Amino acid sequence: MGSITLQKVSKVFGEAKVIPSIDLEINNGEFVVFVGPSGCGKSTLLRLIAGLEDVSSGHILIDGKDVTDAAPAERGLAMVFQSYALYPHMSVRNNIAFPLKMAKLDKAVIDKKVADAARVLNLTDYLERRPSQLSGGQRQRVAIGRAIVREPSAFLFDEPLSNLDAALRGTMRLEISDLHHQLKTTMVYVTHDQVEAMTMADKIVVLNRGNIEQVGSPLELYKSPRNLFVAGFIGSPHMNFVTGTYAQSKNAKTAGIRPEHLGLSKDSGIWRGVVKVAEHLGADTFLHLDVEGVGQITARCDGEFGAYHGDTVYMTPDETKLHRFDDKGLALRA
Ligand SMILES: Nc1ncnc2c1ncn2[C@@H]1O[C@H](COP(=O)(O)OP(=O)(O)OP(=O)(O)O)[C@@H](O)[C@H]1O
Ligand SMILES: [Mg+2]
């Protein structure tokens, strides 16, 4: 079991109220991602759950039991960090076995658990190597292996992939998602990368300055962001925000339209823009345009569309996909 409940959890460092007050329910077996900009309190919140920091006020429950004052080891959680912190002089086998040896388990039991974890993580052929003989992705898998053998009720990951190059991050994302499907254990995963959040999470918690802006599934946040912050944070490239007469005509202070919800034409449309930069990704092209009377707009179009720096392009927002926000930045619902 691995449900985690935060009740009015706050954290103050000296004068700084890093986390004012958070209530959150993490269900058993869920993959929950904390996402938000640098310094918003993601790691702090994870460390409070792990017991590596004491809460300033509030309560933390694991499976309904109050663990607010329990030591990290008593919480039954396993944490995986960005820096793998492997023992360089030990083999992969001994790195993974380390927590079990500390717990003085039988050798046969240890061997079985290590073999099982290595199989799940595709590390079987690497068990006798030292960490220095592994790639970054393999090292990160060893760190995860060390967490798996403890059979925690939940895994806590703090930006585990940020040391890896882009291609390896993509592969490891899939591997961690696959691991979650196999183990079905609660995972709480911290990242500032909204793509990781969107692709891995059952439930995303968007944090900003220590507050929860919104909690929801990836598509809920994409389709119905509650405010300008979430609207601008979830989705890549970012949502365009338009004020002025266009927004007023939609009875909003700010109108939001995603780059993928602009119909493009070389002949006609509601907005006329000049391409400043065209990013050709192959399948897609992102156009960054100066639009008369509107401002800077990013549009996403088919890679075959064929628009280049200096070209004139017409755009028509898909009004069924328009987001509207009031003067406080809160979403207006139709
Ligand atoms: N031990 C500490 N003492 C004082 N301030 C701290 C301490 N730990 C964190 N902070 C502050 O708390 C805030 C949140 O930090 P935290 O590490 O949780 O952010 P984060 O969301 O994980 O950021 P990043 O994406 O950069 O890792 C920051 O302003 C940070 O400077
Ligand atoms: Mg952090």
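Read on for an overview of the structure. Per-chain numbering applies: the sequence of each chain, read as written, is numbered from 1 onward. The order in which chains are written sets their letters, starting at A; the order in which ligands are written sets their numbers, starting at 1. In view of the model being predicted, local features appear only for residues whose pLDDT reaches at least 70, and side-chain atom pairs are presented and counted only at 80 or more, with totals across whole chains, interfaces and linings using the full set of residues. Only hydrogens and water are set aside when side-chain values are computed; all heavy atoms of the structure are taken into account.

**So, the overall build of the chain**
So, step 1. Secondary structure elements are defined from DSSP: runs of H or I of at least 4 residues count as helices, runs of E of at least 2 residues count as strands, and each element is numbered from the N terminus. Each helix and strand counted, the chain has 9 helices and 19 strands in total.
So, step 2. Dimensions of the chain, computed from C-alpha atoms along their principal axes, come out at roughly 75 × 45 × 35 Å.
So, step 3. Contacts: residue pairs with any heavy atoms within 4.5 Å of one another. If you take every contact in the chain between residues at least 6 apart in sequence, the share linking residues at least 24 apart comes to 64%.
So, step 4. The protein chains shown are the only cover counted for residues, whose accessible areas, like all others here, come from Shrake-Rupley with a 1.4 Å probe. Summed over all atoms, the accessible surface of the chain reaches about 15900 Å², with 50% contributed by carbon and sulfur.
So, step 5. All tallies of charge rest on Lys and Arg as positive and Asp and Glu as negative; His and the ends of each chain are not included. Charged side chains are reduced to one point each, which is NZ for Lys, CZ for Arg, CG for Asp and CD for Glu. On the chain, the mean spot of the 38 positive side-chain charges and the mean spot of the 39 negative ones are 3 Å from each other.

**Some remarks on the site of ligand 1**
So, step 1. Only a single heavy atom is needed: when it lies within 4 Å of a molecule or strand, its residue is near that molecule or strand. With respect to spatial proximity, the complete set of residues near ligand 1 consists of Phe13, Val18, Pro37, Ser38, Gly39, Cys40, Gly41, Lys42, Ser43, Thr44 and Glu159.
So, step 2. At a separation of 2.8 Å, an oxygen atom of ligand 1 approaches a polar backbone atom of glycine 39.
So, step 3. In protein, a polar contact means a hydrogen-donor-capable atom and an acceptor-capable atom, both N or O and within 3.5 Å, with residues adjacent in sequence counting only if both atoms are side-chain atoms; elsewhere, any N or O pair within 3.5 Å suffices. At 2.8 Å from an oxygen atom of ligand 1 is found a side-chain nitrogen or oxygen belonging to lysine 42.
So, step 4. Within the complex, 55% of the 640 Å² of free accessible area of ligand 1 lies under protein.
So, step 5. If you tally residues by element for the shell around ligand 1, the top one is helix α1 (residues 42–50), at 3 residues.
So, step 6. Residue classes follow a fixed rule: Ala, Val, Leu, Ile, Met, Phe, Trp, Tyr, Cys and Pro count as nonpolar, while Asp, Glu, Lys and Arg count as charged, and any other residue, Gly among them, counts as polar. Counted by class, the shell around ligand 1 contains 4 nonpolar, 5 polar and 2 charged residues.

**What about the packing of helix α2 (residues 92–102) against helix α4 (residues 136–148)?**
So, step 1. For the pair α2 and α4, the least separation of the axes is 7 Å and the interaxial angle reads 35°. With respect to the hand of their crossing, α2 and α4 are arranged in right-handed fashion. For the pair formed by α2 and α4, the contact residues are Val92, Asn95, Ile96 and Pro99 on the first element and Val142, Gly145 and Arg146 on the second.
So, step 2. Residues belonging to the contact of α2 with α4 are distributed by class as follows: 4 nonpolar, 2 polar and 1 charged. Lines are fitted to the C-alpha atoms to define the axes, a helix being fitted only along its stretch in contact, and any angle between axes, read from their N-to-C directions, falls within 0 to 180 degrees. Here a crossing is called left-handed whenever its near helix is offset anticlockwise from the far helix by less than a right angle, and right-handed whenever the offset is clockwise.

**A word on the pattern of salt bridges**
So, step 1. Salt bridge criterion: a side-chain nitrogen from Lys or Arg within 4 Å of a carboxyl oxygen from Asp or Glu. According to the stated counting rule, one finds 15 salt bridges in the structure shown.
So, step 2. Arginine 119 serves as the salt-bridge partner of aspartate 116, at 2.8 Å between the closest nitrogen and oxygen. With aspartate 116 and arginine 119 both in helix α3 (residues 107–120) and 3 residues apart, the pair spans about one turn of that helix.
So, step 3. A residue is classified by how much of its surface remains accessible, and arginine 119, at 53% relative accessible area, is exposed. Remark: exposure states derive from per-residue accessible area (1.4 Å probe, protein chains only) relative to the maximum for the residue type, with buried under 20%, exposed over 50%, and partly exposed in between.

**Brief notes about α2**
So, step 1. Along α2, the residues that are buried comprise Val92, Asn95, Ile96, Ala97 and Leu100.
So, step 2. Those residues of α2 hidden inside the fold are in contact with α3 and α4.
So, step 3. At the exit of α2 stands lysine 104, carrying a positive phi of roughly 60°.

**Topic: the packing of aromatic side chains**
So, step 1. What counts as a ring pair is set by centres within 6.5 Å for rings of Phe, Tyr and Trp (its six-membered ring), and what kind of pair is set by the plane angle: stacked under 30 degrees, edge-to-face over 60, tilted for all other angles. This model, assessed by the stated rule, comprises 7 aromatic pairs.
So, step 2. Ring plane angle 75° and centroid distance 5.0 Å describe the contact between tyrosine 246 and tryptophan 271, whose orientation is recorded as edge-to-face. With tyrosine 246 in helix α9 (residues 245–249) and tryptophan 271 in strand β14 (residues 271–280), the pair connects residues that are 25 residues apart, well separated along the chain.
So, step 3. On the accessibility criterion, tyrosine 246 (10% relative accessible area) is buried.
So, step 4. Assessed through its relative accessible area of 5%, tryptophan 271 is described here as buried.
So, step 5. Ring-pair connections join several aromatic residues into one group, and the members of that group are Phe31, Phe155, Phe157 and Tyr189.
So, step 6. Only when the NZ atom of a Lys or the CZ atom of an Arg is both within 6 Å of the ring centre and within 35 degrees of the ring normal do we say a charge sits over the ring. Lying across the ring of phenylalanine 305, lysine 266 places its NZ or CZ 4.9 Å from the centre.

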